[in-house]
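Summary of the model geometry
Now for the letters of each chain:
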Amino acid sequence: VPCQTGTLGDNPSYTGTTPNAPNNCGSEFERRYNPSNTGNLRFNSLFHLSDKLTFSVDGAYQYTKANGGGTSVGIVDASTLGKIDIRGPDAVELLNWVYCNAWSNLEIGRCRYGFMLGEDGMVFDDGVTSRLGEHHFHMTTTSGGAARVLGWLENWLQTEWPEMRVFCTSVTEQWSTIAVNGPFARKLLAEMTKDIDLEPKQFPFMSFRDGHVAGIP
């Protein structure tokens, strides 16, 4: 069944060529969905709050600006990033082997940037991985590298390190990712969550906290 993608029509925030020419997207089984589903907002997503204040959640841009340029708060829908749930007693050892930097000293609730090298010594992929528990990690990869990295991890586990007690599961389509940036980012989030302490000392840079945002876990 052909996808009913339509066009951008009169959306004033878009000035380029139409990216949504009709196409056949295959069966429902073959389709993949962005968990944040920003496409639902694509046609009515530009809000002129005042002469100098525009708020946009535009699927064409996959980018949100506030205060006419992102100088106060910028929001990026990063849900397309690859996400891999890694669990097991040897999870941290796996990360030590596949990343170029060390992971044994990463505390629970903290995040760390890491990059991987291929057998040719060139950068294979990179991303931020969070330690959710003693034997539980949440890895992010590049959007285009999600399947490649998962397959690469499984290849090492099944052929070179079969003794490792680790399970890797793709959760790319199970979790939305929204990046909120700028000097007023904490102030904005404070209006949307009541069970997360957003003070810098309690929620420092590169850390993870569990809670609800706009009522969503």
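Going by the structure above, here's the rest.
A short tour of the structure in this document, coming up. (Residues numbered from 1 in each chain as written. Predicted model: local features only at pLDDT ≥ 70, side-chain atom pairs only at ≥ 80, totals over all residues. Heavy atoms only, no water.)

**Quick notes on the overall build of the chain**
In terms of helices and strands, the chain carries three helices and ten strands. Along the chain direction, N to C, the helices and strands of the chain fall in the order β-β-β-β-β-α-β-β-β-α-β-β-α. Split into buried and exposed, the 217 residues of the chain put 34% on the buried side. The long-range fraction of contacts in the chain, counting pairs at least 24 apart against all pairs at least 6 apart in sequence, stands at 52%. Accessible surface for the chain amounts to roughly 13500 Å². Of this, 57% is attributable to carbon and sulfur atoms. (Helix = DSSP H or I, 4+ residues; strand = E, 2+ residues; numbered from the N terminus. Buried < 20%, exposed > 50% of the residue type's maximum accessible area, 1.4 Å probe, protein only. Contact = heavy atoms within 4.5 Å. Areas by Shrake-Rupley, 256 points an atom, 1.4 Å probe, with all protein chains shown as cover.)

**Section: helix H2 (residues 146-160)**
Between the first and last C-alpha of H2 there are 21 Å, a value that for 15 residues agrees with the 21 Å anticipated at 1.5 Å per step. Within H2 the residues assigned to the buried category are Ala146, Val149, Trp152, Leu153, Trp156 and Leu157. The arc enclosing the buried residues of H2, seen along the axis, measures out at 140 degrees, which places them on a common side. Opposite the buried face of H2, by more than 90 degrees, sit the exposed residues Ala147 and Gln158. Summarising the contacts, the buried residues of H2 are in contact with strand E5 (82-87), helix H1 (91-98), strand E6 (111-117), strand E7 (123-133), strand E8 (136-141) and strand E9 (167-170). (Expected span 1.5 Å × (residues − 1). Arc of directions from axis to C-beta.)

**Structural notes on H1**
Each turn of an α-helix holds 3.6 residues, which means side chains three or four residues apart point in the same direction. Restricting attention to buried positions, one finds in H1 the residues Ala91, Val92, Leu94, Leu95 and Val98. Along the long axis of H1, the arc covered by the buried residues comes to 155 degrees, so they all point the same way. Buried residues along H1 sit in contact with E5, E6, E7, E8, H2 and E9.

**Here's the deal with the packing of aromatic side chains**
If you walk through the whole model with that rule in mind, you get five aromatic pairs. Ring geometry for tryptophan 97 versus tryptophan 161: centroids 5.5 Å apart, planes at 40 degrees, classification tilted. Of this pair, tryptophan 97 sits in helix H1 while tryptophan 161 is found in the loop between H2 and E9, placing the two residues 64 residues apart along the sequence. When the ring of phenylalanine 124 is compared with that of tryptophan 152, the centres are 4.6 Å apart and the planes differ by 35 degrees; the resulting orientation is tilted. Note that phenylalanine 124 is positioned in strand E7 and tryptophan 152 in helix H2, a separation of 28 residues in sequence. On the accessibility criterion, tryptophan 152 (15% relative accessible area) is buried. Among the aromatic residues, those joined into a cluster by ring pairs are Trp97, Phe124, Trp152, Trp156 and Trp161. Its end group placed over the ring of phenylalanine 124, arginine 148 keeps NZ or CZ at 5.0 Å from the ring centre. (Phe/Tyr/Trp six-rings, centres within 6.5 Å; stacked < 30°, edge-to-face > 60°. Lys NZ or Arg CZ within 6 Å of the ring centre and 35° of its normal.)

**Some remarks on a nonpolar patch on the surface**
Taken together, the side chains of Tyr113, Phe115, Leu117 and Val123 define a hydrophobic patch exposed on the protein surface, amounting to about 350 Å² of accessible area. Structurally, the position occupied by tyrosine 113 is in strand E6. The class of tyrosine 113 is partly exposed, set by a relative accessible area of 43%. (Patch = residues over 30% accessible without salt bridge, like charges linked within 9 Å, V, L, I, M, F, W, Y side chains within 5 Å. Salt bridge = Lys/Arg side-chain N within 4 Å of Asp/Glu carboxyl O.)

**Remarks on the side chain of aspartate 77**
Relative to the helices and strands, aspartate 77 is located in strand E4 (residues 74-77). Side-chain polar atoms of aspartate 77 contact the side chain of serine 79, separated by 2.8 Å. (Polar contact = N/O pair within 3.5 Å; in protein donor to acceptor, adjacent residues only side chain to side chain.)

**A few points about the pattern of salt bridges**
Counted under the stated rule, the structure contains three salt bridges. Across the pair arginine 87 and aspartate 85 runs a salt bridge, and its minimum N-O distance is 2.6 Å. Among the salt bridges present, the one from arginine 148 reaches aspartate 125, with a minimum N-O distance of 3.2 Å. With arginine 148 in helix H2 and aspartate 125 in strand E7, the pair connects residues that are 23 residues apart, well separated along the chain. You can call aspartate 125 buried: its relative accessible area is 3%.

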